[in-house]
Amino acid sequence: LPCPSFLQILDYCADNDFTHIHTSTPGPMGLAALAAARILQLPIYGTYHTSFPQYASQLTGDADMESLMWTGMVWYYNQLDRVYVPSRATGEEIQAHGIHADKISLYPRGIDISRFHPSYASGFWSERYGLASESLKLLYVGRVSREKNLQILAHAFLQIAQEREDVELIIVGDGPFRDELQTIMGKTRTVFTGTLSGLELAQAYASSDIFIFPSTTDTFGNVVLEAQASGLPVIATDQGGPQENIIPRQTGLIVPGLDPEALCTAIRDLTENPELLVTMKGQARDYAQQRSVQEAF
């Protein structure tokens, strides 16, 4: 459907007697929302849930682009009456760049803990992809793009693959870095599934052993909670929001960002300690039950 004109948006808001306007991103629709709020003299709230400046820097390799993006983001969000952030780290970051602290509010997210559940564990990987049923399966779910730092995961797994033949890496998702990542992984025991959804995604989580999320730019990381709800301990970085969705040494491990050696060590800690792995799987599920959509609401 074509995007409505600004006058149509304005008329719609006025005709329906809206009392608040909420904006999601500072693009064309976000600017339209801001203009409508000013004309109609309505309070306007927004959410900050995507690290556009960092993404711009990583995807272009231009630090000046990140600086320019921050200038625009700070101006935009400071026009709003309230800015909701999904994690404390995100709130601290945008405040450090100049968004007023009194505008920032933390709002928690939750997941469907019945949709993601250990009971979906099955022979999914062996039946669909021919993986050995007894192997340890490392899982990543998300966009396959450079800003997710998948090159760090690749370097760590290349080392693990030389040490052990019973550990396999599974990449669920798609994106512009997929072809290059497949080339990097070469003949290692790595499977690229493309995008999975619904029951297949639930089975993919529950049929794996360890979830790895090397991103340093995510503001929250729903997949980190989905993995724990499925009974998987998580290895995440100490940068961004995902680290706040883990209980260190209980439901997962937190490693320095952009450090393949630290990630490699964390993988060894779990794969070489089967009793610890089993314990953390149970603790991950127990923790995720406190992070349901209902609890968040």
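Residues numbered from 1 in each chain as written. Predicted model: local features only at pLDDT ≥ 70, side-chain atom pairs only at ≥ 80, totals over all residues. Heavy atoms only, no water.

S.K.: Give a detailed account of the environment of Ser-145, specifying residues and quantitative values.
M.R.: Checked against the element boundaries, Ser-145 lands in the loop between strand 5 (136-141) and helix 7 (150-163). Residue Ser-145 is classed as buried on the basis of its relative accessible area of 1%. Sequence separation between Ser-145 and Gly-173 is 28 residues, and the spatial gap between their C-alpha atoms is 9.6 Å. Other than its neighbours up to four places away in sequence, Ser-145 contacts Leu-59, Leu-150, Pro-176 and Phe-177. (Helix = DSSP H or I, 4+ residues; strand = E, 2+ residues; numbered from the N terminus. Buried < 20%, exposed > 50% of the residue type's maximum accessible area, 1.4 Å probe, protein only. Contact = heavy atoms within 4.5 Å.)

S.K.: Could you give an account of the sheet that holds strand 8 (residues 210-213), naming the residues involved and the relevant values?
M.R.: Read from one edge of the open sheet, 6 strands run 7-6-5-8-9-10, paired in parallel fashion. A strand with exactly one partner marks an edge of an open sheet, and here the two such strands are strand 7 (190-194) and strand 10 (252-255). Strand after strand, the sheet turns through a mean of 20° between neighbouring axes, direction not considered. Relative to strand 10, strand 9 (residues 234-237) is paired through 4 bridges, and the arrangement is parallel. In the strand pairing of strand 10, Thr-237 is matched with Val-255. The strands touched by helix 9 (residues 198-206) are strand 5, strand 6 (167-172) and strand 8; relative to strand 5, the strand with the most contacts, the crossing angle is about 135°. Across the sheet, helix 10 (residues 222-229) is in contact with strand 5, strand 8 and strand 9; its angle to strand 8 comes to roughly 175°. (Pairing = 2+ DSSP bridges. Axes fitted to C-alpha atoms, helices over the stretch in contact; angles between N-to-C directions.)

S.K.: Explain the sheet that holds strand 2 (residues 44-47) residue by residue, including any values.
M.R.: Strand order in the open sheet made by the 4 strands is 1-2-3-4, with parallel pairing throughout. In this open sheet, the two strands that pair with only one neighbour each are strand 1 (21-23) and strand 4 (104-106). Across the sheet, the axes of successive neighbouring strands diverge by a mean angle of 25°, strand direction being ignored. Relative to strand 4, strand 3 (residues 82-85) is paired through 3 bridges, and the arrangement is parallel. The partner of Val-85 across the bridge, within strand 4, is Leu-106.

S.K.: Quick rundown of the packing of helix 10 against helix 12 (residues 274-288)? Include the residues and the values.
M.R.: Interhelical geometry of helix 10 versus helix 12 gives an angle of 120° and a closest axis separation of 7 Å. Judged on the interaxial angle alone, helix 12 and helix 10 are oblique. On helix 12, the residues that touch Leu-225, Gln-228 and Ala-229 of helix 10 are Ala-284, Arg-285, Tyr-287 and Ala-288. Looking at the contact of helix 10 with helix 12 residue by residue, the class counts come to 5 nonpolar, 1 polar and 1 charged. (Parallel < 35°, antiparallel > 145°, perpendicular 65-115°, else oblique. Nonpolar A, V, L, I, M, F, W, Y, C, P; charged D, E, K, R; others polar.)

S.K.: Explain the pairing of strand 6 to me, and be specific about the residues and the numbers.
M.R.: Most of strand 6 sits inside the fold, with 6 of its 6 residues counted as buried. Here strand 6 shows two buried faces, one formed by Val-167, Leu-169 and Ile-171 and the other by Glu-168, Ile-170 and Val-172. In the sheet, strand 5 pairs with strand 6 via 6 bridges, with the strands oriented parallel. The partner of Lys-137 across the bridge, within strand 6, is Glu-168. Handedness of the strand 5-helix 7-strand 6 crossover: right-handed. For strand 6 and strand 7, the ladder comprises 4 bridges, and the chain directions are parallel. By the bridge assignment for strand 7, Ile-170 is matched with Val-191. (Right-handed = clockwise from strand over helix to strand, strands pointing away.)

S.K.: Any details on the pattern of salt bridges? Residues and values, ideally.
M.R.: This structure, assessed with the given rule, holds 8 salt bridges. A salt bridge links Arg-268 to Glu-163; its shortest N-O distance comes to 2.7 Å. Here the residue Arg-268 occupies a position in helix 11 (residues 260-271), and Glu-163 occupies one in helix 7, the gap between them amounting to 105 residues. Taking the shortest distance from any N to any O, the salt bridge between Arg-178 and Asp-174 comes out at 3.6 Å. (Salt bridge = Lys/Arg side-chain N within 4 Å of Asp/Glu carboxyl O.)

S.K.: So what about the packing of aromatic side chains? Which residues, and what values?
M.R.: According to the stated counting rule, one finds 13 aromatic pairs in the structure shown. For the pair Phe-124 and Trp-125, a centre-to-centre distance of 4.9 Å together with 75° between the ring planes defines the contact as edge-to-face. When its relative accessible area of 4% is taken as the criterion, Phe-124 is described as buried. Ring geometry for Tyr-205 against Phe-211: centres 5.9 Å apart, planes inclined by 45°, an arrangement best described as tilted. Summarising the burial analysis for this pair, Tyr-205 and Phe-211 share the class buried. Taken together, Phe-116, Tyr-140, Tyr-205, Phe-211 and Phe-213 form an aromatic cluster joined through their ring pairs. Lying across the ring of Tyr-45, Arg-82 places its NZ or CZ 5.0 Å from the centre. (Phe/Tyr/Trp six-rings, centres within 6.5 Å; stacked < 30°, edge-to-face > 60°. Lys NZ or Arg CZ within 6 Å of the ring centre and 35° of its normal.)

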